[in-house]
Amino acid sequence: MPITRRSFLAALGIAGATAAAPKNAEAWQSKAPPDPYGCLVDLTRCVGCRKCEQACKEVNDLPEPAIKFDDLTILDVKRRPDQNAFTVINRYYSGRIDDRDKLVPTFVKVQCMHCQDPACASACITGALSKKENGAVHYDVDKCIGCRYCMAACPFEIPAYEYDRPVLPRVRKCTFCFERISKEGGKPGCASICPVEAITFGKRSELLGQARERIKGDPGKYNDHIYGEREVGGTSWMYISNVDFGKVGFQALPTRPMPQTTETIQSGLFSYLWSPLALFGVLGAVMGYTSRKHDKEDGHDA
């Protein structure tokens, strides 16, 4: 017996509800460690000496830079970290004038922000990138297949790739000195060398407290904004400043963690792979029930 139009539409409704159930049952959850280490950078203190760049090179055994560390003219070139430099300092002029009518520079250290819920780790299909309990977004070269999805996913455009290395090229970025901070009392190389204490290393929760105290203690000096406290769900590197972050190279980013969007979409897609099976299963059950009911009715009529 052919199924009636009403039965078919009813079956579609049941199948739709069944297929939709899995996506509603799963909610995205943050994988951020509860109290990782972090670094607080005070832009009002940084003098652009490049000591942090030099320390980073020594700790990570990076190549000698093309421009010597004592040549500060490079600060006016807007650089990004690359495979040979995990951190760089850039100089900005936001328009502030000092007592001698000279423009006041602001120096900005740039490196991997070590997001609380890193988009790079979420995009990594082999688990080569992972967020550690100590706050570092760690890279395992043995798991990397060179897909470079991490480079596309990072909202800060940080991971670099060794295109010039023909054999086993690697993704390269700030390591947060993972080995050093894994030891008691260890600090990242840049934080340990800074001569003006522009970089403070410690527990993220304590650093946020220090940042709020500095802002509250001198509201005329600092902007009421801790960059990295909430951006993309929070980062282990955070900044306070006396100038607008947008004027010194910082991106305006949402507070929503990037993986919250991408993983929810992925979860929905994988859930919907079962939708056709659920649909045909429900349709088959309805058709079987209708057919048995009709046969039974035919038997009574005979």
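Residues numbered from 1 in each chain as written. Predicted model: local features only at pLDDT ≥ 70, side-chain atom pairs only at ≥ 80, totals over all residues. Heavy atoms only, no water.

Caption draft 1: Here's a closer look at the overall build of the protein. Along the protein, the regular secondary structure elements total nine helices and nine strands. Across the 302 residues of the protein, 42% fall into the buried class. Looking at the protein alone, contacts between residues at least 24 apart form 60% of all its contacts between residues at least 6 apart. Accessible area for the protein stands at about 17,000 Å²; split by element, carbon and sulfur atoms hold 55% of it. (Helix = DSSP H or I, 4+ residues; strand = E, 2+ residues; numbered from the N terminus. Buried < 20%, exposed > 50% of the residue type's maximum accessible area, 1.4 Å probe, protein only. Contact = heavy atoms within 4.5 Å. Areas by Shrake-Rupley, 256 points an atom, 1.4 Å probe, with all protein chains shown as cover.)

Caption draft 2: Representation of the sheet that holds strand β1 (residues 37–42) within the structure. Pairing is mixed in the open sheet, where three strands are placed in the order β8-β1-β9. The open sheet has two free edges, formed respectively by β8 (199–203) and β9 (237–240), since each of these has just one partner strand. Taken over all neighbouring pairs, the strand axes of this sheet differ in orientation by 25° on average, direction set aside. (Pairing = 2+ DSSP bridges. Axes fitted to C-alpha atoms, helices over the stretch in contact; angles between N-to-C directions.)

Caption draft 3: Here's a closer look at the UniProt feature "binding site: [4Fe-4S] cluster 2" (unreviewed entry) in the protein. Summarizing the sequence annotation, UniProt attributes the feature "binding site: [4Fe-4S] cluster 2" (unreviewed entry) to C56, C174, C177 and C190 in the numbering used throughout. These residues run over 135 residues, yet every pair of their C-alpha atoms falls within 10.7 Å of each other. Inspection of the secondary structure assignment puts C56 in helix α2 (residues 51–60). Overall, C56 belongs to the buried group, its relative accessible area being 11%. Once residues within four sequence positions are removed from consideration, C56 is found in contact with L62, F86 and T87. Here C177 is to be found in the loop between β7 (171–172) and α5 (178–181). The residues contacting C177, other than those within four sequence positions of it, are V59, P188 and G189. (UniProt positions renumbered as here; feature names shortened; annotations may be inferred.)

Caption draft 4: Up close: the nonpolar core. Of all hydrophobic cores here, the largest spans 41 residues; its most connected members are L43, F156, I199, Y227, W237, Y239 and F250. Once residues lying within four places of it in the same chain are set aside, the contact partners of Y239 are L40, V41, L43, K109, V110, Q111, M113, H225, I226, Y227, F245 and F250. Membership of the second largest hydrophobic core comes to 10 residues, among which are C120, A121, C124 and C150. (Core = buried A, V, L, I, M, F, W, Y, C linked by side-chain atoms within 4.5 Å.)

Caption draft 5: The UniProt feature "binding site: [4Fe-4S] cluster 1" (unreviewed entry) in the protein, seen in detail. Mapped onto this structure's residue numbering, the UniProt feature "binding site: [4Fe-4S] cluster 1" (unreviewed entry) falls at C46, C49, C52 and C194. Taken along the chain, the residues just named run across 149 residues; in space they keep tight, none of their C-alpha pairs more than 10.5 Å apart. Inspection of the secondary structure assignment puts C46 in the loop between β1 and α2. In this structure C46 touches F107, V196 and A198, once residues within four positions along its chain are discounted. Residue position: C49 is located in the loop between β1 and α2. Not counting residues up to four positions away in its chain, the partners in contact with C49 are F69, L72 and P195.

Caption draft 6: The arrangement of a nonpolar patch on the surface in detail. Residues Y93, I97 and L103 make up a contiguous nonpolar surface patch of about 300 Å² in total accessible area. Relative to the assigned elements, Y93 resides in strand β2 (residues 88–97). For Y93, a relative accessible area of 43% translates into the label partly exposed. (Patch = residues over 30% accessible without salt bridge, like charges linked within 9 Å, V, L, I, M, F, W, Y side chains within 5 Å. Salt bridge = Lys/Arg side-chain N within 4 Å of Asp/Glu carboxyl O.)

Caption draft 7: Inspection of the pattern of salt bridges at higher detail. Counted according to the given criterion, the structure contains 11 salt bridges. When the shortest N-O distance is used, the salt bridge between R45 and D42 registers 3.5 Å. Classification of R45 as partly exposed rests on a relative accessible area of 31%. The closest approach of N and O atoms between R50 and E53, which form a salt bridge, is 3.0 Å. For the pair R50 and E53, a shared accessibility class is recorded, and that class is buried. Ionic contacts of the salt-bridge type, sharing partners, join the residues E162, R165, R170 and R172 into one network.

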